[in-house]
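Structural description and commentary
Single-letter residue listing:
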Amino acid sequence: MTTPPDDPISDALDCADAGLLARRLDARTCPPDLLGRLVGHPVPRLRHLGLTLLAERTDTPNAPDADGGQLALVAGLLPDTVGSSPEESLLLAGLHARLGSREPRPRLPDWRAAALPDLVRLLDHAKPTVRRAARDAVVAFGGAAVPALRRAEGHARPDRRPLYTEVLAQITDEQATDRQATDGQITDGRA
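Bear in mind the structure is a predicted one, so any value in this text is a computation, not a measurement.

Right, let's get into the overall build of the protein. Of the regular secondary structure elements, the protein holds 10 helices and zero strands. Beginning at the N terminus, the succession of helices and strands in the protein can be written as α-α-α-α-α-α-α-α-α-α. Residue burial in the protein is summarised as follows: out of 191 residues, 37% are buried. The long-range fraction of contacts in the protein, counting pairs at least 24 apart against all pairs at least 6 apart in sequence, stands at 58%. When the accessible surface of the protein is summed, it comes to about 11400 Å², and 53% of that surface belongs to carbon and sulfur atoms.

Rendered as structure tokens:
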């Protein structure tokens, strides 16, 4: 009597074989239950792989989104905890930023307790793609990122300070625009 071979994906997930999973899984075709298992996995490398697949799924052009398609699926799989590494936090922040305008809004982790200073440090990363993603993520935090940005700006070399000053200016401008929009709504409501 022989036993049938186990599913190689399930075996790789049980053994935390991130390499095999990364080679075999495609963001567009990965089943939602498997994505959920990856995102909630206790091994950080597998959680990071799951978040990367979710990010790729939201970046897929022409992804169907009618009646709660891909973006609703991603929003439902997002954890409400912070990342265990700066990279994981960056991926989570990017996903939350992309899905922030959707209703119902995804559950947000407690960003103040997160590794926000680590994300701010990524503004000075060697790779431009990491710097851009970090900038988007830090701006998405809004006012919560201001203390970490001011601290990093104060400790930065003079030639690197504009990195932090520009992001601070962008956050302040967005907050001022939001206040003006809110004030305009209140004024219009009374008139």
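Of the volumes computed, that of the largest pocket is approximately 410 Å³. Every residue lining the largest pocket is counted, 17 residues in all, and those nearest its centre are Leu90, Leu91, Arg98, Thr129 and Ala133. Put simply, the parts of the chain that give the lining of the largest pocket at least two residues each are α4 (44-59), α6 (86-99) and α8 (128-141). Considering each element in turn, the lining of the largest pocket owes the most residues, six residues, to α6. In terms of residue class, the lining of the largest pocket is made up of eight nonpolar, four polar and five charged.

On to the environment of Leu163. Residue position: Leu163 is located in helix α10 (residues 161-190). A sequence separation of 43 residues divides Leu163 from Val120, and the C-alpha atoms of the two residues are 9.8 Å apart. Leave out the neighbours within four places in its chain, and Leu163 touches Leu123 and Asp124.

Bringing the packing of α4 against α6 into the picture now. One way to put it is that α4 packs onto α6 with a least axis distance of 10 Å and a crossing angle of 30°. Comparing the axis directions of α4 and α6 gives the class roughly parallel. When you trace α4 past α6, the crossing you get is left-handed. Here Pro44, Arg47, His48, Leu51, Thr52, Leu54, Ala55, Thr58 and Asp59 of α4 lie close against α6, whose contacting residues are Glu87, Glu88, Leu91, Leu92, Leu95 and Arg98. Of the residues assigned to the contact of α4 with α6, the class counts are seven nonpolar, three polar and five charged.

Further remarks concern the side chain of Arg57. Along the chain, Arg57 turns up in helix α4. The side chain of Arg57 is buried and forms no salt bridge, while Asp26, the nearest opposite charge, is found at 8.5 Å. Within the structure, the side chain of Arg57 is placed 2.8 Å from the backbone oxygen of Cys30, a separation counted as a polar contact.

Counting across every chain of the model gives six salt bridges. A salt bridge links Asp118 to Arg121; its shortest N-O distance comes to 2.3 Å. Residue Asp118 and its partner Arg121 are located together in helix α7 (residues 116-121), separated by three residues, close to a single helical turn. The partly exposed category is assigned to Asp118, whose relative accessible area is 24%. Residue classification places Arg121 among the exposed residues on the basis of a relative accessible area of 53%. Residue Arg157 is joined to Asp159 by a salt bridge in which the shortest nitrogen-to-oxygen separation is 2.7 Å. Residue Arg157 is classed as exposed on the basis of its relative accessible area, which comes to 52%. According to the relative accessible area criterion, Asp159 is partly exposed, its value standing at 48%.

When pLDDT is averaged along the protein, the result is 76; 75% of the residues meet or exceed 70. Element-level mean pLDDT values for the protein span from 70 in helix α5 (residues 70-77) up to 90 in helix α9 (residues 146-155). A low-confidence stretch, residues 1-6 stays under pLDDT 50, and its non-local contacts, those more than four residues away or across chains, total one contact.

Parameters at a glance
Residues numbered from 1 in each chain as written. Predicted model: local features only at pLDDT ≥ 70, side-chain atom pairs only at ≥ 80, totals over all residues. Heavy atoms only, no water. Helix = DSSP H or I, 4+ residues; strand = E, 2+ residues; numbered from the N terminus. Buried < 20%, exposed > 50% of the residue type's maximum accessible area, 1.4 Å probe, protein only. Contact = heavy atoms within 4.5 Å. Areas by Shrake-Rupley, 256 points an atom, 1.4 Å probe, with all protein chains shown as cover. 1 Å grid on protein atoms, 1.4 Å probe; cavity = no way out; pocket = protein on both sides within 12 Å on 5 of 7 lines; lining within 4 Å. Points joined across faces, edges and corners; volume = space filled by probe spheres on them. Nonpolar A, V, L, I, M, F, W, Y, C, P; charged D, E, K, R; others polar. Axes fitted to C-alpha atoms, helices over the stretch in contact; angles between N-to-C directions. Parallel < 35°, antiparallel > 145°, perpendicular 65-115°, else oblique. Left-handed = near helix turned anticlockwise from the far one by under 90°. Lys, Arg positive; Asp, Glu negative; His and termini not counted. Salt bridge = Lys/Arg side-chain N within 4 Å of Asp/Glu carboxyl O. Polar contact = N/O pair within 3.5 Å; in protein donor to acceptor, adjacent residues only side chain to side chain. pLDDT = per-residue confidence, 0-100.

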